[in-house]
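In case you want the letters, here they are:
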Amino acid sequence: MDSETGNGGATDALPPPPPPVPEDLVPIKAEPEAKKKVMRVPMARRGLASKGQKAQLLTNHFKVNVSNVDGHFFHYSVALFYEDGRPVDAKGVGRKVIDKVHETYKSELDGKEFAYDGEKSLFTIGALPRNKLEFTVVLDSMNSIRNNGNASPDNDADKKRMRRSYQSKTFKVELSFAAKIPMQLIAQALRGQESENSQEALRVLDIILRQHAAKQGCLLVRQSFFHNDVKNFADVGGGVLGCRGFHSSFRTSQGGLSLNIDVSTTTIIQPGPVVDFLIANQNVKDPYSVDWAKAKRTLKNLRVKNNETSTEYKITGLSEKPCNQQLFSLRQKTKDENGEFETMEVTVYDYFVNYRKLDLRYSGDLPCINVGKPKKPIFLPIEFCTLVSSQRYTKSLNTMQRASLVEKSRQKPQERMRVLSAARNRNDYGTEPLLKSCGISISNGFTQVEGRVLQAPRLKVGNGEGFFPRNGRWNFNNKKLVDPTKIEKWAVANFSARCDIRNLVRDLIKCGNLKGIKIDDPFDVFEESPQNRRAPPVVRVEKMFDFIQSKFPDAPQFLLCLLPERKNSDLYGPWKKKCLAEFGIVTQCIAPMRVNDQYLTNVLLKINAKLGGLNSMLAVEHTPSIPIVSKSPTLILGMDVSHGQPGQSDVPSIAAVVSSRHWPSISRYRASVRTQSPKLEMVDSLFKKVSDTEDEGIMKEVLLDFYVSSAKRKPDQIIIFRDGVSESQFSQVLNIELDQIIEACKFLDDKWCPKFLLIIAQKNHHTKFFQPGSPDNVPPGTVIDNKVCHPRNNDFYMCAHAGMIGTTRPTHYHVLYDEIGFSADDLQELVHSLSYVYQRSTTAISVVAPICYAHLAATQMSQFMKFEDRSETSSSHGGTGVTSAGAVPVPQLPRLQENVCNSMFFC
């Protein structure tokens, strides 16, 4: 103010003085201005690696030339309404309506071609005449529109019954300008200057591909397209077909824009009579044995054709009563005194048999298919309904179906190349008008890339022996384990498995001794009582434990459990939970079918790792001389989130974090597993502050274990391998998960600042590599970090394993963050080496071991919850947890007993 600066100034111009401050007022402390958080972004590539033997390879990317980069894509929002103003909610109508707009109003639209995504976005090259356009179109014969529940039958009597008489429908369409996307962004993306907008420009190109496939009548599943052709179908059992199609998408890479084409497989419903499908799906002998509650869930939203009228409908449910008891109101020709048509209650069966004079052979005692609305049902006898083709089967497959699908969809490298070349030529993208307008042309040949084959790391086994694995494989013939354990107090629990237990035990002990594992004779073999065999799984396990406890003087060190079924035994989850969470006993489940030396060796590898032993290790781990990792205490993490089966929206997701221990070892791990909100992709319990001094998060467990097991050293470096996230979620991993890990470290020690390396591992992509002129897969250790890799970001592809069946799927590693400062060579060598420390097998695996272990731990712990209701699970440990994502309460997993929680129980 003037008076303070000594400039004089008129006092009467000043505001009145402030009111006096009360003596007892405590001043409020001003909060320091919060620093704006700088968002981390994926790091740029620092250089290419050079180690390894060079190899010329081909990849399923087809080079794309773009000659028109000066134009613009114009984005319009699409809104569809019925004639009365109601928004259109039925799926599948959009494409037909927009096609009709394009056909009817071609001149008003300046003859522009559309790229429409089937929902709310439409793109053109160059602008439409106005920013907001409205059209009205009439679609004939709504029956033919798939996925639309308002279809009306052709038959007059049915029309009366439905009280609808129209055969066409009027739609209003609104197109509103939303954005302008310069094609220049594609060129920028190729120079590594990517942004949200450049992704949008590439999305338009992908939408053009989808539309191209839709016009050919394909089933669309994201960027994969499936032709309705019997040649592409393979029966996988249960009324389900595997359907082979193609994935195609545009990718930016160091070599420019490319079109990635790959074989893709989905599952579809077996078309044909609904009853035949249900009998196959539920594996029953006739329609009278069908579980109709299950059938209702399976059939909902599927499309059927009425055989009598050839009209197509969407199933909305089943009738409450059988066809011969289900009543509905049939309109009569006579009117009452109010002039209203009279109605009469008749059964669906009577209507079709007596009024329509149709023969019903077996539907009378079965529920009807409902194809109407909840308040206005339309019932059809089940034998008139046929499932139409090209409908996705979205339920999860059982073990047999999955095995059949994998077997029937695998292709050798040369066959896959031939099929992909044919697909590239058949799709004929050169004739697509929108791609032409963009000046896009696609080459015919596979892209050539230079790969490098890294040498397998030297492994160390017992008696100081070492060797180099050949072709990604080794064995323990005439070799001892590097750190074998002793098995002293143990027993066998046999759940009615049929096998010669005496010989099995004898051979196991003999095989163990050859490998260096000293195994005493078992305390006893506990045979399940025949009267318990039909009891529920949880009861059978309880009874077995009562039996063991009554005989065993104290807790056994180890239990070998014999299960009657090889896959998906209902006893597995309850047994593991009982052993690990309630008693802290290490256990191994087997279902012995063909027992030989190889089988017993594989079982012993798992038992040895679970009991704290080590089967083999890297020679550089023993020395120790792993670049960077051996010089300074280094913690290695593997993180993964697994979700419930498709369609199960209320099943909690399971987050698993596997961590290394006993530095400088990188072969020993433990796992922390927690539940979280269904379908939540980020691990949300890494740091869980419950008070100013207490953190109940996963990272505290991990860090304390590393400290205790690594001679009271804190990790100076933390290497994180994260699985199962797409590129759109990289930012969340970098800025949410990594922040939580840093917070957990700071909470333990405010002055402690470890350095981080964060790597994403992706298997769910469509890039494959081939050896030109060779029938074999690329050799194990193949790495590619050029040409098809990202123009800016630090990524590489690695095939660490020997692909024995089908075509090898490389793992795509994205290095998002590196404070440690690895060279490209050292990092790729570390990743390669971590594929050789997997204790369950004698082969290199396709992805680093910590990630494999995270999968195993999540899968095993999820079995704990399989046979419990919610209330029981919630009370098992710490009550119901409330997570941050939408605060959905989820049942908590039971904590493992202290003596097994740091073991490799998941092996």
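Below you will find a few notes about this structure. Residues take numbers from 1 onward in each chain, read along the sequence in its written order. Totals for whole chains, interfaces and linings use all residues, but because this is a predicted model, local features are given only for residues with pLDDT of at least 70 and pairs of side-chain atoms are given and counted only at 80 or more. Computation of side-chain values: all heavy atoms of the structure, hydrogens and water removed.

Observations concerning the pairing of strand 9 (residues 233-237)
No. 1: Where strand 9 and strand 10 (residues 240-253) come together, four bridges link them in antiparallel fashion. Bridging across to strand 10, Ala234 finds its partner in Gly242.
No. 2: The antiparallel pairing of strand 9 with strand 10 creates a hairpin that spans two residues between the two strands, and Gly238 there sits at a positive phi of about 70 degrees. Two strands qualify as a pair provided that DSSP identifies no fewer than 2 bridges between them. Under the DSSP-based scheme used, a helix requires at least four consecutive residues in state H or I and a strand at least two consecutive residues in state E, with every element numbered from the N terminus.

Some remarks on helix 12 (residues 501-515)
No. 1: Each helix should span, by expectation, one fewer than its residue count multiplied by 1.5 Å. Its 15 residues place the ends of helix 12 21 Å apart at the C-alpha level, agreeing with the 21 Å of an ideal helix rising 1.5 Å per residue.
No. 2: Inspection of helix 12 places Ile501, Leu504, Val505, Leu508, Ile509, Cys511, Gly512 and Lys515 among the buried residues, and these make up the whole buried set.
No. 3: Measuring from the backbone nitrogen of Arg502 back to the side-chain oxygen at the start of helix 12 gives 3.4 Å, which picks out Asp500 as the cap.
No. 4: Following helix 12 by one or two positions, Gly516 adopts a phi angle in the positive range, close to 100 degrees. For every residue, the accessible area (1.4 Å probe, protein chains only) is compared with the maximum for its type, and the residue is labelled buried under 20%, exposed over 50%, or partly exposed between those bounds. Polar contacts, as used here, are pairs of N or O atoms within 3.5 Å; protein pairs need one atom able to donate a hydrogen and one able to accept it. Residues neighboring in sequence count only if both atoms are side-chain atoms.

Some details on the packing of helix 13 (residues 537-551) against helix 14 (residues 572-583)
Between two packed helices, what matters for the description is the angle formed by their axes and the separation of those axes.
No. 1: Axis separation between helix 13 and helix 14 bottoms out at 9 Å; the angle between their running directions is 50 degrees. The pairing of helix 13 with helix 14 is recorded here as oblique in orientation. Note on packing geometry: the crossing formed by helix 13 with helix 14 is right-handed. Between helix 13, through Pro537, Val538, Val541, Glu542, Met544, Phe545, Ile548 and Gln549, and helix 14, the contact on the second element is made entirely by Pro574, Trp575, Lys578, Cys579 and Phe583.
No. 2: Ten residue types, Ala, Val, Leu, Ile, Met, Phe, Trp, Tyr, Cys and Pro, are classed as nonpolar, four, Asp, Glu, Lys and Arg, as charged, and the remainder, Gly among them, as polar. Grouping the constituent residues of the contact of helix 13 with helix 14 by class yields ten nonpolar, one polar and two charged. Lines are fitted to the C-alpha atoms to define the axes, a helix being fitted only along its stretch in contact, and any angle between axes, read from their N-to-C directions, falls within 0 to 180 degrees. If an angle is under 35 degrees, it is roughly parallel; if it is over 145, roughly antiparallel; if it lies from 65 to 115, roughly perpendicular; otherwise it is oblique. By the definition used in this description, the sense in which the near helix is turned from the far one sets the handedness, with an anticlockwise turn below a right angle giving left-handed and a clockwise turn giving right-handed. We call two residues in contact when some of their heavy atoms are within 4.5 Å.

A word on the nonpolar core
No. 1: Definition of nonpolar core: a set of buried residues of the types Ala, Val, Leu, Ile, Met, Phe, Trp, Tyr and Cys, connected through side-chain atoms within 4.5 Å. Counting 90 residues, the largest nonpolar core has Trp490 and Tyr853 as the members making the most contacts within it.
No. 2: Examining the composition of this core, we find that nine residues originate from one element, helix 20 (residues 849-862), more than from any other.
No. 3: Those residues in contact with Tyr853 that sit more than four places away from it in its chain are Val658, Tyr669, Val837, Tyr838, Gln839, Met904, Phe906 and Cys907.
No. 4: Ranked by size, the runner-up nonpolar core spans 39 residues in total, among them Ile125, Met183, Ala201 and Val204.

A closer look at unusual backbone geometry
No. 1: Backbone torsion omega between Thr623 and Pro624 reads -20 degrees, so that peptide bond is classified as cis.
No. 2: Counting through the fold element by element, Pro624 comes out in the loop between helix 16 (619-622) and strand 31 (634-642).
No. 3: In this structure, the amide linkage connecting Trp663 to the following residue, Pro664, adopts the cis form with an omega of 15 degrees.
No. 4: Among the structural elements, Pro664 can be located in the loop between strand 32 (653-660) and strand 33 (669-676).
No. 5: In this model, Ser390 sits at a positive phi of 60 degrees, which is unusual for a non-glycine residue.
No. 6: Note on placement: Ser390 falls in the loop between strand 20 (385-387) and helix 9 (399-409).
No. 7: Ser390 gets classed as buried once you look at its relative accessible area, which sits at 10%.
No. 8: Despite not being glycine, Lys787 has its phi angle at roughly 60 degrees, a positive value.

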